[in-house]
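Structural overview
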Amino acid sequence: MKRILVAIKRVVDYNVRVRVKPDGSGVVTDGVKMSINPFDEIALEEALRIKEKGQAEEVVVATIGPADCQQQLRTALAMGADRALHVQTDAAIEPLTAARVLRKLLDKETPVLAILGKQAIDDDANQTGQMLAALWDRPQATFASKVEISGDKAVVTREVDAGLETLEVDLPAVITTDLRLNEPRYVKLPDIMKAKKKPLEILDLGSLGVEAKERVRALKYEPPAGRTRGIMVKTPEELVAALKQKGLA
């Protein structure tokens, strides 16, 4: 069966103003709206479009995290995914750990394509897709703004600093998606109801033989410095003097 595996991550909704905890130990998440990472939502939409073209038979969505992540998996199922996999853990998951877990799921599902968002909006790491391709020993095409599947190959237009670049990769492969690839579909109420009956498999992190190691430790979180009021200057000399006063020159 031609299957596509899509990895998603639960993050603070992009419309929510992120607040740092008073003790600086992290970001406030209690009572905050959580959503599918926007880049991952684009990845799921692309997988669904590939399936609708008859180039895949099944879309499986997977996530790693606490029990609350099932809400985002159900949203993905409502969008049109066929099945969901939830690797349940309360541990903090770093990109390499996520890549190792997804590698185990690739062995389990044997997909023809793995699609991820290029980065998560909470840590902006932009590492998991590349690490997954290395562990899987398969081609990768990152920052995709256009994807075309033809037989056992994928032609991917990707966004780079100099403009656009087109790659042809053999399948199976890993693709990470950029913002301009597509616009995710709107989830309707009937689809939400149908999603409740779709299979959602819960897996334990330890059962996959992967340990959630802490390789990077955040010592303290701080909000960005507040903006200061601008001033008007009339001459270059006044500008230089103002910059020196602020320690910027």
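Notes on the structure in this doc start here. All of these numbers come straight from a predicted model, not from anything done at the bench.

What counts and how
- Numbering of residues begins from 1 in every chain and follows the order in which that chain's sequence is written.
- pLDDT decides what is reported in this predicted model: residues at 70 or higher carry local features, side-chain atom pairs at 80 or more are listed and counted, and totals for whole chains, interfaces and linings draw on all residues regardless.
- Excluded from the side-chain calculation are hydrogens and water; included are all heavy atoms of the structure.
- Helix and strand definitions here come from DSSP, where helices need a minimum of 4 consecutive H or I residues and strands a minimum of 2 consecutive E residues; each element is numbered from the N-terminal end.
- Per-residue accessibility, obtained with a 1.4 Å probe over protein chains only, is compared with the maximum for each type, and a residue is labelled buried under 20%, exposed over 50%, and partly exposed between these values.
- By definition, residues are in contact when any of their heavy atoms lie within 4.5 Å.
- With residues, only the protein chains shown are counted as cover, and all accessible areas are computed by Shrake-Rupley using a 1.4 Å probe.
- Here Asp and Glu are counted as negative and Lys and Arg as positive; His is not counted, and neither are the chain ends.
- By convention, the point assigned to a charge is CZ for Arg, NZ for Lys, CD for Glu and CG for Asp.
- Strand pairing follows a simple DSSP-based rule, namely that at least 2 bridges must link the two strands.
- Helix axes use the C-alpha atoms of the stretch in contact, all axes being lines fitted to C-alpha atoms, and the angles between their N-to-C directions lie in the range 0 to 180 degrees.
- Residues belong to a common nonpolar core when they are buried Ala, Val, Leu, Ile, Met, Phe, Trp, Tyr or Cys residues joined through side-chain atoms within 4.5 Å.
- Angles below 35 degrees are treated as roughly parallel, those above 145 as roughly antiparallel, those between 65 and 115 as roughly perpendicular, and all remaining angles as oblique.
- Put simply, a crossing is left-handed when the front helix is turned counterclockwise from the back one by less than a right angle, and right-handed when it is turned clockwise.

**Things to note about the overall build of the protein chain**
- The helix and strand tally for the protein chain stands at six helices and 11 strands.
- For the protein chain, the spread of C-alpha atoms along the three principal axes comes to 70 × 40 × 40 Å.
- A total of 249 residues make up the protein chain; the buried ones form 41% of that total.
- Put simply, of all contacts in the protein chain between residues at least 6 apart along the chain, 70% involve residues at least 24 apart.
- A total of about 14600 Å² of accessible surface is found on the protein chain, and carbon and sulfur atoms cover 50% of it.
- Treating the 38 positive side-chain charges of the protein chain as one cloud and the 37 negative ones as another, the clouds have centres 3 Å apart.

**Digging into the sheet that holds strand S11 (residues 200-204)**
- Read from one edge of the open sheet, nine strands run S9-S8-S7-S10-S6-S1-S4-S5-S11, paired in mixed fashion. The strands lining the two open edges of the sheet, one partner per strand, are strand S9 (163-170) and S11. Neighbour-to-neighbour, the strand axes of the sheet open up by a mean angle of 30 degrees, direction not taken into account.
- In the sheet, strand S1 (residues 3-7) pairs with strand S6 (residues 113-117) via four bridges, with the strands oriented parallel. Across the sheet, leucine 5 pairs through a bridge with alanine 114, a residue of S6.
- Relative to the sheet, helix H3 (residues 95-109) contacts S1, strand S4 (58-65), strand S5 (83-88), S6 and S11, its axis offset from that of S5 by approximately 140 degrees.
- Against the sheet, helix H4 (residues 128-136) engages S6, strand S7 (140-150) and strand S10 (173-177), with an angle of about 180 degrees to S10.

**Let's talk about the nonpolar core**
- With 35 residues, the main nonpolar core has Ile4, Val6, Leu44, Ile50, Leu113, Val147 and Ile175 as its most contacted residues.
- Counting residues per element, the ones that place at least two in this core are S1, helix H1 (38-52), S4, helix H2 (70-79), S6, S7, strand S8 (153-160) and S10.
- Residue contributions to this core peak at six residues, all from H1.
- Apart from residues lying up to four places away in sequence, isoleucine 175 is in contact with Leu113, Ala114, Ile115, Leu116, Ala141, Ala144, Val147, Ala154 and Val156.
- Counting residues in hydrophobic clusters, the runner-up holds 23 residues, among them Leu5, Leu132, Ala133 and Leu205.

**Notes on the packing of H3 against H4**
- Orientation of H3 relative to H4, taken along the N-to-C sense of each, is 45 degrees, at an axis distance of 8 Å. Here H4 runs oblique to H3, going by the angle between their axes. As H3 runs across H4, the sense of the crossing is right-handed. Along the contact surface, H3 presents Pro95, Leu96, Ala98, Ala99, Arg100, Leu102, Arg103 and Leu106, while H4 presents Thr128, Met131, Leu132, Leu135 and Trp136.

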